[in-house]
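Listed here are the chains, written in short residue letters.
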Number of protein chains: 2
Amino acid sequence: MLWPRWSRTALARNEPSPLMPREITAFSNPLIKRIRSLRDKRHRRDEGLFLAEGLRILTEAREEGVVPRFLFFTHDSADHALVRPLIRETEERGGEAIETSADILSKLSGKDNPGSVVGVYEELPTALDRIDRSAAPLWLVAERLRDPGNLGTILRTADAVGAGGLILIGECVDPFSVEAVRASMGAIFTVPIARAEWGDFLSWLRGGEGMLVGLSLNTDTDYRTPDYPAPTFLLTGNEAQGMPDSYAEACDILVKIPMAGKADSLNAAIATAVMAYTVQDRQRAG
Amino acid sequence: MLWPRWSRTALARNEPSPLMPREITAFSNPLIKRIRSLRDKRHRRDEGLFLAEGLRILTEAREEGVVPRFLFFTHDSADHALVRPLIRETEERGGEAIETSADILSKLSGKDNPGSVVGVYEELPTALDRIDRSAAPLWLVAERLRDPGNLGTILRTADAVGAGGLILIGECVDPFSVEAVRASMGAIFTVPIARAEWGDFLSWLRGGEGMLVGLSLNTDTDYRTPDYPAPTFLLTGNEAQGMPDSYAEACDILVKIPMAGKADSLNAAIATAVMAYTVQDRQRAG
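Thresholds, definitions, all that
- Residues numbered from 1 in each chain as written.
- Chains lettered and ligands numbered in written order.
- Predicted model: local features only at pLDDT ≥ 70, side-chain atom pairs only at ≥ 80, totals over all residues.
- Heavy atoms only, no water.
- Least-squares fit on C-alpha atoms with pLDDT ≥ 70 in both.
- Helix = DSSP H or I, 4+ residues; strand = E, 2+ residues; numbered from the N terminus.
- Contact = heavy atoms within 4.5 Å.
- Buried area = accessible area lost by both parts, 1.4 Å probe.
- Salt bridge = Lys/Arg side-chain N within 4 Å of Asp/Glu carboxyl O.
- Axes fitted to C-alpha atoms, helices over the stretch in contact; angles between N-to-C directions.
- Parallel < 35°, antiparallel > 145°, perpendicular 65-115°, else oblique.
- Left-handed = near helix turned anticlockwise from the far one by under 90°.
- Nonpolar A, V, L, I, M, F, W, Y, C, P; charged D, E, K, R; others polar.

Visitor: So what about the relation of the copies chain B and chain A? Which residues, and what values?
Guide: Turning chain B through 180° and shifting it by 0.0 Å along the axis lays it on chain A, with an RMSD of 0.0 Å. Both copies are brought into coincidence by an operation consistent with a two-fold rotation axis.

Visitor: I'd like a description of unusual backbone geometry, backed by residues and values.
Guide: Glycine aside, residues mostly have negative phi, and peptide bonds are mostly found in the trans state. Residue and element names in this part refer to chain A. Going from Ala230 to Pro231, the amide bond is cis rather than trans, its omega being -5°. For Pro231, the location among the structural elements is in the loop between strand S9 (211-215) and strand S10 (232-236). Here the phi dihedral of Arg144 falls at roughly 45°; this positive angle occurs in a residue that is not glycine. Relative to the elements of secondary structure, Arg144 occurs in the loop between strand S6 (138-143) and helix H7 (148-161).

Visitor: So what about the interface of chain B and chain A? Which residues, and what values?
Guide: On the side of chain A, 32 residues touch chain B, which itself brings 32 residues to the contact. Summed over both partners, the interface of chain B with chain A comes to about 2,700 Å²; 52% of that surface belongs to carbon and sulfur atoms. Across the contact surface, chain B and chain A share 6 salt bridges. Asp264 of chain A serves as the salt-bridge partner of Arg56 of chain B, at 2.8 Å between the closest nitrogen and oxygen.

Visitor: Help me get a handle on the packing of helix H12 (residues 268-285) of chain A against helix H12 (residues 268-285) of chain B, residues and values and all.
Guide: Viewed as axis vectors pointing N to C, H12 of chain A and H12 of chain B meet at an angle of 50°, and their least axial separation amounts to 9 Å. Relative to H12 of chain B, the element H12 of chain A lies oblique. Note that H12 of chain A runs across H12 of chain B; the crossing there is right-handed. Along its contact with H12 of chain A, which presents Ala269, Ile270, Ala273, Val274 and Tyr277 of chain A, the element H12 of chain B presents Ala269, Ile270, Ala273, Val274 and Tyr277 of chain B. The residue inventory of the contact of H12 of chain A with H12 of chain B, partitioned by class, reads 10 nonpolar, no polar and no charged.

In structure tokens:
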């Protein structure tokens, strides 16, 4: 059970009527403290919950049919045309809508200007066997991605380019961190995510169709040269080190984005995007 | 004069010999306080100085012939093969190399793990009339860019794709902020930057050859369709709002990167990179 009994009891003491949001104004409120703790990975794991902020992202989630367990909004925003359906659907689906202050919203999200709403969501499933590789011609794969901004940006790119999803290999940063969710601009709710160890991923991959394309600096193959038959799995390595040699050896092909200047690499999210749009282009042309 | 007399006097009191770096171990040291203040834009502007951190970035600068006014390094790193030439060249060129603690390095850069060196550099010139448009087939232009990570990442991409430089229009985030310098991974020293108001930029642009290409959602022209004759100036609008209508109208052509998913836009640095590599590709093919 994701939400332990003591908290249900604590909530029940306030006896909120289903369509009469309760109000929390005290920083010391236990629920506020608890939800603020979701900014910490260990607490997210223990609770199975994560935070998202801002009307744009929460509306994106709602349009995907995902509503928060807890919705926090400010008094001023309660009548906003996009906040009203959020409140209504949250309560209809058994969640709780809670009016609070802008200061508390800031405290929850850790951001000076978090917008008018913060949502607390159940973590989404990330098992590899949920992935249906025939659902899309392109899948993104990242190993040991360390920067939450990069992870969120790659999710946003995956959505834009129509990739089937993002598969995270090994010790990646948590996709449900506040920073990753923020950078995803809502794509956390629209792009399927899987998490797997390398060996399990490789077994799964080789159990069906798919070309594994590794982005590497140790090849002379220009990224614009190959065909990319569907489904193509595009593997991006760790930001600082790239991928281990053994991963590169397991790829069907390694490709390189040429570097014209003094730098020896691109930002990982940038390289992934340039590759993803190129694969899309080649697949459309082919 | 960039560096006022009181500080020279303060430095002189310690009487460092040119090849015998002095040591600073106190957080309360006035020079430490002052250099830490360079994390603030106003202080950077007043001093004409900025901070860069990490051996990779400082070495990139040195290879471009740019050495810091002040170089801070830890005792443990003093004999590193890349730190020694930094110390030597800093002192040869009239700067000062200062041994300090890892804690003080962290305090200077505002980062938990700043690496082994921090450099304080003179701000680089950013006048538009320094730009020689014939020097490269592609130039990046960004207006009201607000995120320092995006700015630094765009600089890094500009370097990788061989763009001539980055022209910043209107109220952009400061390219010399610690965050932008960090995200640039050294490209702050290799990619020319200009800053201009829109009207001045447009006058300058129309005083010579050049196609102005605007990235927009309000067009049906796919970004892969046009030719991009050299020099092409690629304009990216503000992260949240895109560019004003009047800017779009001044463009020679507007192009759109298609969005396959639920999101309506890409991250600004991602969109710029996808476009830049596409322009490069078309220019090579053409």
